[in-house]
Structure formats: C-alpha cells, structure tokens
Amino acid sequence: MILNKILSWNKLSILGISLMLLNNISCIDYEDNVNPNEVTEEMMEVDNLKTGAFFSQMLRRVVIINDGDKLDSDYQIAQNLSHDLYSGYIAATLGSTNHNGQYNFQEQWVNATFDYAYTGIMAPWQSIHKIATEQELPEVDALATIVKVEGMHRIADTFGPIPYVNYGSSSLYDALDLVYNKFFEELDNAIEVLSNYVNGNVDAKLMSDYDCVYGGDVEKWVKFANTLRLRLAIRVSYANPTLAEAQAKKSMENMFGFIESKAERAELSHNSLEYHHPLHEIAYNFNSGDCRPGATIVAYLNGLNDSRISSYFTAADDGEYHGVRIGITTSNMSNYQGNKISNLNINRASTPVVWMTAAESFFLRAEGALRGWDMGGTAKSFYEQGVRMSFEENNAAGVDDYLADHTSTPGAFADNVGSDNYTFSSRVTPAWDDNAGFEAQLERIITQKWIANYPDGPEGWSEYRRTGYPEVIPVVRNSSNGTIDTQLQVRRLPYTRDEKINNASGVASGISALGGQDTGGTKLWWDKKSR
C-alpha cells in the first residue's frame, strides 16, 4: 500500500537527507549571524532530522527539478508528457507512437506523476508536521502545509479522489470534494497562524536558510496562500458555488491580501537555488528535442498580435512562429525537431520555475467579480490589470494597443512541415467588451489567464477542463479505444499500476468516489460545466 511505501521511505530517507545537506543540494545558504527573531536550527532538530531539509525537498517537488535526486527526465514523464500537452502549451516531438500525448497512457509515466508527489511532498510534510507539533512550532507547520496544498491540489486535479484527508492512518482514497474541503481547512488555519506570526514578529523571517521561494518572508507566504485559496475557490465554482464564494471572501478579508507584483509571485529563486528549468533540457538536449511549442498557444498569440510570443518562443528559420499539434504521427519526426518549427525561449541559467504568476492573482479576482463576488473592483479593471501584469512579467511591449484591440482573434493553424490545419471557432479579442454576456467575458478572462500562466501545464489543463476555454486544438491521434472523446479531450489520468497492485482496496474506494470508470474520459467532481 502507499502508506507502507511512505513509511519505508521515511526510514530510509534520513541518510539521503543528510547527504543532501552535506552536498548543499537544498536551498541552504548558511550565515554566521543568527537572527534572534528567527526559528533556529537547534529549535528545528529532533532525532537528527532537519525540518529545513524536509521543507527544502517539498519546494523542489511541487514542480520536479534536476537536483541530483530527481532528473529532467522525471519532470518529463510526470508532467511534460501529460499536463503540459493537454493544456495546449507544449507538443511532444517523440519518435514513438505510444505515449500519453496520443491518449495511450504509459503506466510508468503515470506512476511517476502519483508517486513523486507522495514521496516528495506528503512524506516530508508528515515529518515536518510531527516535529513542529512536538516542538510547538505551529508557524513552521503552517508554512509546510501551504506548500503541501500547492503541490497536492495538482495531483487531486490530475486523478480525482486520492489518499489525503486521513493520510498517515488510512490508504483509502477520499472523494475529491472532501479533499478540497481539507485543502480549504488547512489553508484557513495556515493563513491564520502565519498572519498572527507576522503581526507579532514584523521583521522576523521563517525558514530563510531553506526557503528558495520567498527567502523566509512570511508576509509573502500569506499573500501566496490567500491567492492559492482564491485559485481553489474559483476551481470549485461550478461544483459548489456557495463554498467557492465563502472561501474567496476569506481571502478578501485577510489583512495581507493577494499577490500584487512580480516580486511577490511564487517561483523558485535562482539566487538561492542553483537549477535550470527542466523544459530547457527537454526542448534542446533530449535527443533532437523532445518537445516544441503547442499549436494552440502559438496560433492564439499569432492571431492576437501578442508581443509575448517572442518572450515565450523562438522564431523559426522563416522568421515566423510555428507550433505543433499534440498526438502527431509521422515517419519523419525530425521535420518537427528542426528550424522550421519554433522552440521554447528558455534561458538555461535564469528562467525560473513559477508556481503562480502575479497576473493570475488579478485574473482570479476578475472572474470572482464577474460572478458577482465582492472582490474590491470590477471584472474589467482586474482583467486589464492582469494583462498589464503579464506583459510586465514577460518584458513585453505594446500593452496599451493590445488592450484596445477589438478585432484580432485567434489565428488559424497550418502545419509548417505537414498538411494538417485547424480553424478556430473562437472570436475572442484582447479588448474588454462591456456589452458582452457572461460567457464572452469569462472567455476573455480565462484566455488571458491561460496565456499569462504559460508554461504551467497543470493550471492550463485544469482551467480548460473547468471552463472550456481557451479553445484547445484536439489531439491528432486518439489511441484511447473510445474511452476519451476527441472533442471533449482528456479529463484526468487513470490510477496507477503500482497502486492497483499494492493498494487494490484504496483504488477501489477511489473509483467508487470518482463516480465513473477509471479512464481518461471521466470528469472530476469540479468539472461540472455542461458543453
């Protein structure tokens, strides 16, 4: 069972964590002077287990990076060859005709998506929770819990019911609505604890030697947690609108508010952690390039005359931008790996892994306002702030003209090295339209949030499933044997082979709570919008 696997991992991981500390793999930057307002290393130590090392590990597993333990190939199989493809952001240019991009789910890859989260997030969180409880350090527990929710909501949004609510004492799977209730409960408590901590220790830092996201700045963690709570509230808005509005209100009422600037967005800092973005290695150094820009996002950016396109992608040898559809089959894949197709514009040394953009914070509030919630502004004002922030985050020019553009719409896709093509039915434009109905305005918000969140595949895919926006080009080859509708596209990943073997009763409970077959075509609890 997964519980037994995690308990075994905890026993074996002590040596591994010690080696990580010795080799400076974690986000540690030791200083001679100790801040009197900070939780010290001695306060964090129980039975030679360093809470900071567990925390550092959690930060490096929300999105898998190459740290000597996990590799770029682990990111590839756990996220790139699923979420990144289904979001419309990326296309696989593998020679194989058997992969997730064609809805032919590879058991080893799906195992990785599930297992890495439990061994890299849930297990170290459990250790932190135990130590922090014994040491009476609720603020440390709260910080780790925020990271846990950030990492595990991606897993819940991938599979549906998962072991979560009673993790550590039961290997049964919890219904997704119960998992979300637990997310909200945990965020409510963590935000309260950390808000009180900031009020009582204005200049204090927390876990700064190990925190490669905010450097120990607790106020920024509270802003992130408030914004994360709003993200999850929006996620359940079709399934439980009353719960959604109530949770959004809690974030609105917190004194520290939301992420408001690029400096406050959640990302792995290159200043405190030496790493590279895994997509760089996959696009440039795996074989002849195992991925390229997705046809959907390139067509949208081309059609909308969006200057962010040069921040996201490189031009092909004709000076234009060309993407690739997912699920392509060809006898000569090298055509899609050469200079006739654009590539990802990622700087190996400086492009950060981003958990949450600042722009997303504004788009979340835009949708909340559109739904009639009190967000402190109008849908239009938040929408335009979100677009402006995204242009700022990506060093793109021309935002004023872009926001005034009432005519540009998504461009048609034409395969630059083949004969495939696709014409979008969407007529969405960058400019806000006060006279448009709810759906037209929602499409604008989600489309721009989707563009701003590139290349965060888990969020892009989840929001597409929740809302139907943007219009994502369907897969070329659907190898699901009829279990996935090509037009509705994949809705989830099936449960893993290892869990079916080692935790059959747990998987059975998950399928029962899922309310449908364990296939990629079954909708999740929050996936309620009819279309």
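A brief look at the structure comes next. Quick caveat, the model's predicted, so the values are computed rather than measured. Residue numbers run consecutively from 1 along every chain, following the written order of its sequence. Only residues with pLDDT of 70 or above have their local features reported here, since the model is predicted, and side-chain atom pairs are shown and tallied only from 80 upward, although totals for entire chains, interfaces and linings are computed over all residues. Side-chain metrics rest on all non-hydrogen atoms present in the structure, leaving aside hydrogens and water.

Topic: the overall build of the protein chain
Part 1: Secondary structure elements follow DSSP: runs of H or I of four or more residues count as helices, runs of E of two or more count as strands, with numbering from the N terminus. A count of helices and strands for the protein chain gives 19 helices and 10 strands.
Part 2: In this setup the radius of gyration rests on C-alpha atoms only. A globule is expected at 2.2 Å times the number of residues raised to 0.38. Over its C-alpha trace the protein chain gives a radius of gyration of 22 Å, about what one expects of a compact globule, namely 24 Å for 531 residues.
Part 3: For the protein chain, the C-alpha atoms occupy an extent of roughly 65 × 50 × 45 Å along the three principal directions.
Part 4: Partly exposed describes any residue whose relative accessible area lies between the buried limit of under 20% and the exposed limit of over 50%, with all areas from a 1.4 Å probe on protein chains only and scaled to the type maximum. Counting over 531 residues, the protein chain shows a buried share of 63%.
Part 5: A separation of at least 24 residues holds for 75% of the contacts in the protein chain among residues at least 6 apart in sequence.
Part 6: By the counting rule applied here, Lys and Arg register as positive and Asp and Glu as negative, while His and the ends of each chain are not counted. Charge placement uses NZ in Lys and CZ in Arg. For Asp and Glu, CG and CD serve respectively. Between the mean site of the 43 positive side-chain charges and the mean site of the 68 negative ones, the protein chain shows a separation of 6 Å. Residue contacts are counted whenever heavy atoms from the two residues lie within 4.5 Å of one another.

Re unusual backbone geometry
Part 1: Cis geometry marks the peptide bond from Tyr 454 to Pro 455, where omega comes out at 5°.
Part 2: Tracing the chain through its elements places Pro 455 in the loop between helix H16 (438-453) and helix H17 (457-467).
Part 3: The step from Tyr 469 to Pro 470 runs through a cis peptide bond, and the omega angle for that step is -5°.
Part 4: In this structure, Asn 287 takes a positive phi of about 55° despite not being glycine.
Part 5: Structurally, Asn 287 is set in the loop between helix H10 (278-284) and strand E5 (291-293).

Regarding empty space enclosed by the protein
Part 1: Of the two site types, the cavity is a set of points on a 1 Å grid over the protein atoms alone where a 1.4 Å probe fits but cannot get out, and the pocket is an open set with protein on both sides within 12 Å along at least five of seven lines, each lined by residues with an atom within 4 Å of a point. Grid points are joined across faces, edges and corners, and a volume is the space filled by probe spheres set on the points. According to the stated counting rule, one finds 5 cavities of 30 Å³ or more in the structure shown.
Part 2: A volume near 200 Å³ is recorded for the largest cavity.
Part 3: Along the walls of the largest cavity sit 18 residues, with Val 62, Ala 78, Gln 79, Thr 113 and Ile 155 positioned nearest its centre.
Part 4: Among the secondary structure elements, those contributing two or more residues to the lining of the largest cavity are helix H3 (72-80), helix H5 (107-135) and helix H6 (138-159).
Part 5: With 5 residues, the single largest contributor to the lining of the largest cavity is H5.
Part 6: Note that Gly is not counted as nonpolar here; it falls among the polar residues with everything else outside the nonpolar set of Ala, Val, Leu, Ile, Met, Phe, Trp, Tyr, Cys and Pro and the charged set of Asp, Glu, Lys and Arg. A breakdown of the residues in the lining of the largest cavity according to their chemical character gives 11 nonpolar, 5 polar and 2 charged.
Part 7: Of the volumes computed, that of the second largest cavity is approximately 60 Å³.

Considerations on the packing of aromatic side chains
Part 1: Each Phe, Tyr or Trp ring, with Trp reduced to its six-membered ring, pairs with another whose centre is within 6.5 Å; inter-plane angles below 30 degrees give stacked pairs, above 60 give edge-to-face pairs, and intermediate values give tilted ones. Under the criterion given, the structure shown has 27 aromatic pairs.
Part 2: Ring geometry for Tyr 164 and Phe 183: centres 4.9 Å apart, planes at 75°, overall edge-to-face. Taken together, the residues Tyr 164 in the loop between H6 and helix H7 (176-200) and Phe 183 in helix H7 connect sequence positions 19 residues apart. In this structure, Tyr 164 and Phe 183 share a single accessibility class: buried.
Part 3: Judged by centre distance (6.0 Å) and plane angle (75°), the ring pair of Trp 221 and Phe 224 falls under edge-to-face. Separated by 3 residues within a single helix, Trp 221 and Phe 224 lie in helix H8 (residues 218-235), roughly one turn from each other. Take Trp 221 and Phe 224: they sit in the same class, and that class is buried.
Part 4: Put simply, the rings of Tyr 89, Tyr 300, Tyr 312, Phe 313, Tyr 422, Phe 424, Trp 450 and Tyr 454 pair up and form one aromatic cluster.
Part 5: Sitting over a ring, as applied to charges here, requires NZ of Lys or CZ of Arg to be within 6 Å of the ring centre and within 35 degrees of the ring normal. Seen from the ring of Trp 526, Arg 235 lies directly overhead, with NZ or CZ sitting 5.6 Å from the centre.
Part 6: Taking NZ or CZ as reference, Arg 492 lies 4.8 Å from the ring centre of Tyr 495, over its face.

Focus: the environment of Gly 521
Part 1: Position of Gly 521 among the secondary structure elements: in the segment after helix H19 (504-514).
Part 2: Residues Gly 521 and Val 490 lie 31 residues apart in sequence; the distance between their C-alpha atoms is 5.6 Å.
Part 3: When residues no more than four places from it in sequence are discounted, the contact partners of Gly 521 are Thr 483, Ile 484 and Arg 491.

Regarding the nonpolar core
Part 1: Within this scheme, the nonpolar core is defined by two criteria: the residues are buried Ala, Val, Leu, Ile, Met, Phe, Trp, Tyr or Cys, and they are joined through side-chain atoms within 4.5 Å. Counting residues in hydrophobic clusters, the biggest one holds 160 residues, and the most contacted among them are Phe 55, Met 152, Ile 162, Trp 221, Phe 224, Phe 313 and Trp 355.
Part 2: Per element, the largest residue contribution to this core is 13 residues, and it comes from H5.
Part 3: The residues contacting Phe 55, other than those within four sequence positions of it, are Ile 128, Leu 143, Ala 144, Val 147, Met 207, Tyr 210, Asp 211 and Trp 221.

Quick notes on the environment of Ala 369
Part 1: Inspection of the secondary structure puts Ala 369 in helix H13 (residues 358-370).
Part 2: Classification of Ala 369 by relative accessible area gives buried; the value is 16%.
Part 3: Distance in space between the C-alpha atoms of Ala 369 and Tyr 383 is 10.0 Å, their sequence separation being 14 residues.
Part 4: In this view, Ala 369 contacts Met 375, Gly 377, Thr 378 and Ala 379; residues no more than four positions away in its chain are not counted.

Looking at H3
Part 1: The buried fraction of H3 amounts to 8 of the 9 residues, a majority that puts the element mostly inside the structure.
Part 2: Those residues of H3 that fall on the buried side of the exposure criterion are Asp 72, Asp 74, Tyr 75, Gln 76, Ile 77, Ala 78, Gln 79 and Asn 80.
Part 3: Turning to H3, the residues buried within the fold contact helix H4 (83-86), strand E3 (90-92), H5, H10, E5 and H17.

Focus: the pattern of salt bridges
Part 1: The working definition used for a salt bridge is a side-chain nitrogen of Lys or Arg within 4 Å of a carboxyl oxygen of Asp or Glu. Under the counting rule described, the total for this entry stands at 37 salt bridges.
Part 2: The closest approach of N and O atoms between Glu 150 and Arg 154, which form a salt bridge, is 3.0 Å. Here Glu 150 and its partner Arg 154 are both found in helix H6, 4 residues apart, which amounts to about one turn of the helix. Neither residue differs from the other here; Glu 150 and Arg 154 are each classed as buried.

Observations concerning the side chain of Ser 82
Part 1: Structurally, the position occupied by Ser 82 is in the loop between H3 and H4.
Part 2: For Ser 82, a relative accessible area of 1% gives the class buried.
Part 3: With residues up to four places along the chain from it excluded, the contact list for Ser 82 reads Asn 100 and Leu 493.

Concerning the packing of H8 against H13
Part 1: The angle between two axes is taken between their N-to-C directions and runs from 0 to 180 degrees, where each axis is a line fitted to C-alpha atoms and a helix contributes only its stretch in contact. One can describe the packing of H8 onto H13 by two numbers: an axis separation of 10 Å at closest approach and a directional angle of 45°. The angle between H8 and H13 places the two elements in the oblique class. The two elements H8 and H13 cross, and the hand of that crossing is left-handed. Residue-level inspection shows Thr 227, Leu 230, Arg 231 and Ile 234 of H8 in contact with H13, the latter providing Glu 360, Ser 361, Leu 364, Arg 365, Glu 367 and Gly 368.
Part 2: For the contact of H8 with H13, the class distribution of residues is 3 nonpolar, 3 polar and 4 charged. Each angle gets one of four labels, with under 35 degrees taken as roughly parallel, over 145 as roughly antiparallel, 65 to 115 as roughly perpendicular, and the rest as oblique. In a left-handed crossing the near helix is turned counterclockwise from the far helix by less than a right angle, and in a right-handed crossing that turn is clockwise.

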